[in-house]
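# Summary of structural features
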Amino acid sequence: MDSFFLNNAHLLLENDEIASALQKIAIPKSFKKGELLHTSNSICKHFFLLFTGVARVFYFRDGRDVTVHIAQEQESITAIDSFIQRIKSKYSIEALEDIECLAISRTDIERLSEKSHQFEHFGRLFLEKIYIDLAERVDSLLLHTSQERYEELLERKPDLFNRIPAKHLASFLGMTPETFSRIRSK
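Predicted model, so just to flag it, every value in this text is computed and none were measured.

### Some words on the side chain of R149
With respect to the helices and strands, R149 occurs in helix α7 (residues 146-156). Buried within the structure, R149 lacks any salt-bridge partner; E148 is the closest side chain of opposite charge, at an N-O distance of 6.8 Å. One polar contact links the side chain of R149 to the main-chain carbonyl oxygen of G174, over a distance of 3.4 Å. Not counting chain neighbours up to four residues away, the residues in contact with R149 comprise S140, L141, H144, L173 and G174.

What follows is the structure in structure tokens.
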């Protein structure tokens, strides 16, 4: 979500009623490095707004651990397939560092959206941003070389390279650890 939440928070915070309602539904949570925020084969009922730390969405395929999304401070993370459709997800969410965040439930978001057009509008913008991020990710994986994907991530989020294991970055970029290592050494 990048800084989407912070950049658009004024849509919510200008309305005292919505800001107050958000404070009531957002649950402060802490997770230790290695802890799961969500486990696969269950329904993901929350999305998380990260204040500190890094987390990843991943699944297992043919015995391999595949990272599909990475979020850090001022970003959100969820198992979006499950959160939207209310189905069991193949994805898990893992804290790669200690995390301080807010957890907001789908049920509470729906209740708030029913009461407020502004909050419903914010929710739509939030989902549009997720869609755009996913479309850009698909384009990147299909249309760019490993080198280009590496350089793009290095330009957009250079701190990740010092914060999380190379194997997760390689997986996220759609390359083998060997390819990642070779590109990194250049």
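Still more to cover.
### A few points about the sheet that holds strand β8 (residues 99-105)
Judged by pairing direction, the sheet is antiparallel, and its 4 strands sit side by side in the order β1-β8-β3-β6 without closing on themselves. Looking at which strands have only one partner, the edges of the open sheet turn out to be β1 (27-31) and β6 (76-77). For strand β3 (residues 46-52) and β6, the ladder comprises 2 bridges, and the chain directions are antiparallel. Bridge pairing in β6 links F48 to I77. Against the sheet, helix α5 (residues 106-115) touches β3 and β8, its axis set at about 55 degrees to β8.

### Considering the sheet that holds strand β7 (residues 92-95)
Within the open sheet, the 4 strands sit side by side as β2-β7-β4-β5. Their pairing is antiparallel. Either end of the sheet is taken by a strand with one partner, and the two such strands are β2 (36-38) and β5 (64-71). With direction set aside, neighbouring strand axes in the sheet form an average angle of 35 degrees.

### Focus: unusual backbone geometry
Both trends apply: most residues other than glycine have a negative phi, and most peptide bonds are in trans. If you check the backbone angles, Q74 has positive phi at about 65 degrees while not being a glycine. Positionally, Q74 belongs in the loop between β5 and β6. Of the residues examined, Q74 reaches a relative accessible area of 43% and is grouped as partly exposed.

### Side note on the confidence of the model for the protein chain
Looking at the protein chain as a whole, the pLDDT averages 86, with 90% of positions reaching at least 70. When pLDDT is averaged over each helix and strand of the protein chain, the minimum, 45, is found for helix α1 (residues 4-8) and the maximum, 98, for β7. Across residues 1-13, where pLDDT falls below 50, the model places 31 contacts with residues more than four positions away in sequence or in other chains.

### Quick notes on the pairing of β3
Across 6 bridges, the pairing between β3 and β8 is antiparallel. By the bridge assignment, F48 is partnered in β8 with A103.

### Overview of a nonpolar patch on the surface
On the surface, V138, L142 and L143 cluster together to form a nonpolar patch covering roughly 340 Å² of accessible area. In this fold, V138 is placed in helix α6 (residues 117-143).

### Some words on the pairing of strand β4 (residues 55-61)
Counting buried residues along β4, 5 of its 7 residues qualify, which places the element largely inside the surrounding structure. As paired strands, β4 and β5 are joined by 7 bridges and run antiparallel to one another. Bridge pairing in β5 links R61 to R64. Turn length for the β4-β5 hairpin, with the two strands adjacent in sequence and antiparallel, is 2 residues, and the turn residue D62 shows positive phi of about 50 degrees.

About the thresholds
Residues numbered from 1 in each chain as written. Predicted model: local features only at pLDDT ≥ 70, side-chain atom pairs only at ≥ 80, totals over all residues. Heavy atoms only, no water. Helix = DSSP H or I, 4+ residues; strand = E, 2+ residues; numbered from the N terminus. Buried < 20%, exposed > 50% of the residue type's maximum accessible area, 1.4 Å probe, protein only. Lys, Arg positive; Asp, Glu negative; His and termini not counted. Salt bridge = Lys/Arg side-chain N within 4 Å of Asp/Glu carboxyl O. Polar contact = N/O pair within 3.5 Å; in protein donor to acceptor, adjacent residues only side chain to side chain. Contact = heavy atoms within 4.5 Å. Pairing = 2+ DSSP bridges. Axes fitted to C-alpha atoms, helices over the stretch in contact; angles between N-to-C directions. pLDDT = per-residue confidence, 0-100. Patch = residues over 30% accessible without salt bridge, like charges linked within 9 Å, V, L, I, M, F, W, Y side chains within 5 Å. Areas by Shrake-Rupley, 256 points an atom, 1.4 Å probe, with all protein chains shown as cover.

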